[in-house]
Amino acid sequence: MRQMVAFCLESAGHDVLQACDGVEGLEVAKQHAVDAFIVDVNMPRMDGITLVRELRALQQYSHTPMLMLTTETSAERKQQGRDAGATGWMVKPFSPEKLLATLRRVVPESANG
């Protein structure tokens, strides 16, 4: 799934950094400037909601768009994502067009690419 998302974004001209889990994602985010995050809720070592909460605690990411991409559909889980600071919630399977349209809505034009 991660490779599919990366391919979709790279094909649209975005630079993509990847991490295999939440712990690695947090480390990558601390080492690089990131314009937006696409985070899965269910990841090993650190789930996506915890990752979003940890990223929001970092000053440089306090206002960065963070999209949750997941199979989770419960209202309770979505509320947990919002409470953690998620900008949006997309349910898998997703269409590349919808992912790109959502990203365009939340990322300033100057940050694309």
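Residues numbered from 1 in each chain as written. Predicted model: local features only at pLDDT ≥ 70, side-chain atom pairs only at ≥ 80, totals over all residues. Heavy atoms only, no water.

Trainee: Explain the pairing of strand E3 (residues 88-91) here, please?
Mentor: Direction of pairing for strand E2 (residues 66-70) relative to E3: parallel, over a ladder of four bridges. When the sheet's bridge partners are listed, Leu-67 is paired in E3 with Gly-88. Handedness of the crossover is the feature at issue here: the chain leaves E2, passes through helix H4 (residues 75-84), returns alongside E3, and the resulting connection is right-handed. (Pairing = 2+ DSSP bridges. Helix = DSSP H or I, 4+ residues; strand = E, 2+ residues; numbered from the N terminus. Right-handed = clockwise from strand over helix to strand, strands pointing away.)

Trainee: Would you take a moment to explain the side chain of Thr-70 for this structure?
Mentor: Mapping Thr-70 onto the fold places it in strand E2. A relative accessible area of 0% places Thr-70 in the buried class. Among the polar contacts made by the side chain of Thr-70, one reaches the main-chain amide nitrogen of Glu-72 at a distance of 3.0 Å. Leaving out residues up to four positions away in the same chain, Thr-70 has contacts with Asp-40, Val-41, Asn-42, Trp-89, Met-90, Val-91 and Lys-92. (Buried < 20%, exposed > 50% of the residue type's maximum accessible area, 1.4 Å probe, protein only. Polar contact = N/O pair within 3.5 Å; in protein donor to acceptor, adjacent residues only side chain to side chain. Contact = heavy atoms within 4.5 Å.)

Trainee: Please clarify how the sheet that holds strand E1 (residues 37-39) should be interpreted in this entry.
Mentor: Each strand in a sheet pairs with another by means of backbone hydrogen bonds, the pair being arranged parallel or else antiparallel. Across the sheet, which stays open at both edges, the three strands sit in the order E1-E2-E3 with parallel pairing between neighbours. Two strands close off the open sheet at either side, each with one partner strand: E1 and E3. The average undirected angle you get between the axes of adjacent strands in this sheet is 25°. Taken strand by strand, helix H3 (residues 48-56) contacts E1 and E2, and its axis lies near 175° from that of E2. (Axes fitted to C-alpha atoms, helices over the stretch in contact; angles between N-to-C directions.)

Trainee: Can you help me understand the packing of helix H1 (residues 2-11) against helix H5 (residues 96-106) in this one?
Mentor: For any two helices packed against each other, the geometry comes down to the angle between their axes and how far apart the axes lie. In the contact formed by H1 and H5, the axes pass within 10 Å of each other and the chain directions differ by 65°. The two elements H1 and H5 meet at a crossing, and its hand is right-handed. Touching Val-5, Cys-8 and Leu-9 of H1 are Pro-96, Leu-99, Leu-100 and Leu-103, all from H5. Here the residues of the contact of H1 with H5 are counted per class, giving seven nonpolar, no polar and no charged. (Left-handed = near helix turned anticlockwise from the far one by under 90°. Nonpolar A, V, L, I, M, F, W, Y, C, P; charged D, E, K, R; others polar.)

Trainee: Teacher, can you tell me more about the packing of aromatic side chains here?
Mentor: Aromatic rings in a pair are described by how distant their centres are and how their planes are angled relative to each other. Overall, the coordinates contain one aromatic pair when judged by the stated rule. A ring pair is formed by Phe-37 and Tyr-61, whose centres lie 5.0 Å apart and whose planes are at 85°; its orientation type is edge-to-face. Taken together, the positions of Phe-37 in strand E1 and Tyr-61 in the loop between H3 and E2 put the pair 24 residues apart, joining distant regions of the chain. Tyr-61 shares its class with Phe-37; the two are buried. (Phe/Tyr/Trp six-rings, centres within 6.5 Å; stacked < 30°, edge-to-face > 60°.)

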